[in-house]
Amino acid sequence: SGEVGVYVETFFAFGTQQDHAWYLYQSAGGIYIHGLPYTYDEQGEKAYQDRDALGVRPASHGCVRIAPEDALWLKDWNPIGVPFTVSDPYLDEWR
């Protein structure tokens, strides 16, 4: 639990890029809420990873991933300072 922190337009991690990120808290590095990670394909288009995992199964190194279009909406809303709680109601099912 905490308050949504600073905005980062793009960051790089694990060989991918992520757009529209907000710092949530520190845990062996920064934990963010952000758009899906991506690389660029042969045509120079963003190739997003694990879209099929959103809301279905864990697929990150600790961050909260959201769809790119939702990350853009969140950017427009600007959630800095908004209280948040991260919970895992399906943890037993995912194990």
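None of these values were measured; they are calculated from a predicted model.

Q: Talk me through the overall build of the protein chain; I want residue IDs and the actual numbers.
A: Helix and strand counts for the protein chain come out as 2 helices and 8 strands. In sequence order, the secondary structure elements of the protein chain are arranged as β-β-β-β-β-β-β-α-β-α. Evaluated residue by residue, the protein chain yields a buried proportion of 31% over its 95 residues. For the protein chain, long-range pairs separated by at least 24 residues make up 39% of all intrachain contacts whose partners lie at least 6 apart in sequence. A total of about 6,400 Å² of accessible surface is found on the protein chain, and carbon and sulfur atoms cover 52% of it.

Q: Describe the environment of Tyr-7, listing the residues and the values that go with them.
A: As for its placement among the helices and strands, Tyr-7 is situated in strand β2 (residues 7–13). Once you skip the residues sitting within four places of it in the chain, Tyr-7 turns out to touch His-20, Ala-21, Trp-22, Lys-75 and Ile-80. Looking at Tyr-7, its side chain comes within polar contact range of the side chain of His-20, at 2.6 Å.

Criteria and thresholds
Residues numbered from 1 in each chain as written. Predicted model: local features only at pLDDT ≥ 70, side-chain atom pairs only at ≥ 80, totals over all residues. Heavy atoms only, no water. Helix = DSSP H or I, 4+ residues; strand = E, 2+ residues; numbered from the N terminus. Buried < 20%, exposed > 50% of the residue type's maximum accessible area, 1.4 Å probe, protein only. Contact = heavy atoms within 4.5 Å. Areas by Shrake-Rupley, 256 points an atom, 1.4 Å probe, with all protein chains shown as cover. Polar contact = N/O pair within 3.5 Å; in protein donor to acceptor, adjacent residues only side chain to side chain.

Bear in mind that shape data such as this cannot, by itself, settle questions of function.
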